[in-house]
Amino acid sequence: MDEGDLRLKLAVQKSGRLTDPSLDLLTRCGLKLSRGKDQLMGYGENMPLDVLFVRDDDIPDLVQEDVCDLGLVGMNVIEEKRLELAARGHRARFEVVRTLDFGRCRLSLAVPEGTSYEGPSSLRGKRIATTYPYLLEKFLRERDVQAEIVTLSGAVEIAPRLGRADLICDLVSTGSTLQANHLREVETVLESHAVLIRTPVELPPQKDEWVQRLLMRIEGVQQVRESKYIMLHAPRAALPEIRRLLPGSESPTIIPLEGFPDKVAVHAVCRENVFWETLESLKKAGASAMLVLPVEKMLA
Ligand code: PRP
Ligand code: ZN
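Per chain, residue numbering runs from 1 following the sequence as it is written. Throughout, the order in which chains and ligands are written sets their labels, letters from A for the former and numbers from 1 for the latter. Only residues with pLDDT of at least 70 are given local features in this predicted model, and only at 80 or more are side-chain atom pairs given and counted; all residues enter the totals for whole chains, interfaces and linings. Hydrogens and water are ignored here; the side-chain numbers use all heavy atoms of the structure.

> It is not clear to me how the sheet that holds strand β16 (residues 288–294) should be interpreted in this structure. Could you clarify?
Strands belonging to one sheet form pairs held by backbone hydrogen bonds; the direction of such a pair is parallel or antiparallel. Only strands joined by at least two bridges in the DSSP assignment are considered to pair. Each helix is a run of H or I in the DSSP string that is no shorter than four residues. Each strand is a run of E no shorter than two, and both are numbered from the N terminus. Read across the open sheet, the four strands follow the order β14-β15-β13-β16; overall the sheet is antiparallel. Each edge of the open sheet is held by one strand with a lone partner, namely β14 (253–257) and β16. With strand direction ignored, the average angle separating the axes of adjacent strands in the sheet is 20 degrees. Across five bridges, strand β13 (residues 228–235) lies against β16 in antiparallel orientation. In the sheet register, H233 faces β16, and the bridge partner there is S288. Residue contacts follow a heavy-atom distance rule, with two residues in contact if any of their heavy atoms lie within 4.5 Å. Helix axes use the C-alpha atoms of the stretch in contact, all axes being lines fitted to C-alpha atoms, and the angles between their N-to-C directions lie in the range 0 to 180 degrees. Helix α8 (residues 276–284) contacts β13 and β16 of the sheet and is inclined by roughly 155 degrees relative to β16.

Below, the structure is given as structure tokens:
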């Protein structure tokens, strides 16, 4: 086995909605990447992990075919690929190992502005352009609607204007693509978010250990995003009320204050944002000298 085989290969979307949040997640997990001239591959300088930049639709295939061990991709792509593989009598050779807190979007039906829509029966006999033919076919089948699926490889949003379709079935995130193309969202086919997938193939121990470390770091990164560290002074008598007011904290540390027998310092990690309203309520309950700090890293 040469050295290259012991480096993990992770597929990431080359340019799209998931690219920046994916790279941000990896950076927060401690990865330093140096990108080659071709920009197609990123070399992990401080971890045995390399990143391949590809089209998101190709990510499940790259894991399926053992080119990559891991992938960061949307559930929408995963579900479409599962249906496609099933239709061909194959089984998916990738596993979803983490739900991620970014890439939220939905696969939706959208009609040109000014077109009426009264539920799925309005789709009967219509031509629907999409890059998600399997998810769309399932949606139509479950509603017993016969329509024509026009499978495209991209630029779905312009299909109605070109006369290639009556409406579209495409991903909507902010809605700006639909707006720019005068399309109106009328029905959700699938809700989606980003996930981490891995090969079900057993990896050599060195590689597997890095997969586990990455999973733990991702867990930590996602936990701290909303977390705050709060410090305050409080009268001992007010402790029950103050603990009740601290949002999403488990067991605060209570420290005696030298020279003030009736007062304590309270330090706590809050697993939610701490708003001004909370601080105001804490003050009313008797708290003083309050300090709220961001949490950078967390490991259980
Ligand atoms: C999706 C979709 C739209 C866009 C919608 O592209 O194809 O073009 O996002 O987002 P918006 O509602 O914020 O405008 P994606 O990044 O998944 O890339 P791809 O479809 O080209 O693979
Ligand atoms: Zn895509």
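The structure having been displayed, the exposition proceeds.
> Would you take a moment to explain the site of ligand 1 for this structure?
Near ligand 1 you find 13 residues, and of these D56, S173, T174, G175 and T177 are the closest. Distance and chemistry together define a polar contact, namely a pair of N or O atoms within 3.5 Å, with one atom able to donate a hydrogen and the other to accept it when in protein, and with adjacent residues in sequence counting only for side-chain atoms on both sides. A distance of 3.2 Å separates an oxygen atom of ligand 1 from a polar side-chain atom of S176. At 2.5 Å from an oxygen atom of ligand 1 is found a side-chain nitrogen or oxygen belonging to T177. When isolated, ligand 1 has an accessible area of 500 Å², and the protein chains bury 74% of it. Element by element, the count of residues in the shell around ligand 1 is highest for strand β10 (residues 167–172), at three residues. Its residues assigned to classes, the shell around ligand 1 shows two nonpolar, seven polar and four charged. Where each domain starts and ends follows an automatic or database-derived domain assignment. Lining the shell around ligand 1 are residues from two domains, each supplying at least three of them: domain 1 (3–102 + 194–224) and domain 2 (105–191). It suffices for a single heavy atom of a residue to lie within 4 Å of a molecule or strand for the residue to be listed as near it. We get accessible surface area from the Shrake-Rupley algorithm with a probe of 1.4 Å; when it comes to residues, only the shown protein chains can shield them. Here the term charged refers only to Asp, Glu, Lys and Arg, the term nonpolar to Ala, Val, Leu, Ile, Met, Phe, Trp, Tyr, Cys and Pro, and the term polar to all other amino acids, Gly among them.

> Where do I start with the sheet that holds strand β2 (residues 33–35) in this structure?
If you walk across this open sheet you meet the seven strands as β2-β3-β4-β1-β5-β12-β6, and the pairing is mixed. With partners counted over all chains shown, the strands left at the sheet margins are β2 and β6 (95–99), one partner each. Neighbour-to-neighbour, the strand axes of this sheet turn through a mean angle of 30 degrees, independent of strand direction. With six bridges connecting them, strand β1 (residues 8–13) and strand β4 (residues 49–54) associate as parallel partners. Note that in β4 the partner of L8 across the bridge is L49. Strands β1, β2, β4 and β5 (70–74) of the sheet are contacted by helix α1 (residues 19–28), whose axis makes an angle of about 145 degrees with β1. Sheet strands touched by helix α3 (residues 75–87): β5, β6 and β12 (194–198). Its angle to β5, the strand with the most contacts, is close to 100 degrees.

> Can you walk me through the coordination of the zinc ion (ligand 2) in this structure?
Six octahedral donors around a metal ideally subtend angles of 90 or 180 degrees, whereas four tetrahedral donors ideally subtend 109.5 degrees. Only N, O and S atoms count as donors, using a 2.8 Å cut-off from the metal and 3.2 Å for Na, K and Ca, and because water is excluded some sites may appear unfinished. Bound to the zinc ion (ligand 2) on the protein side are D56 (OD) and D57 (OD), at distances that span 2.2 to 2.4 Å. Using a 1.4 Å probe on the protein chains alone, a residue whose accessible area is under 20% of its type maximum counts as buried, one over 50% counts as exposed, and one in between counts as partly exposed. Accessibility expressed as a relative area gives 28% for D57, which makes it partly exposed.

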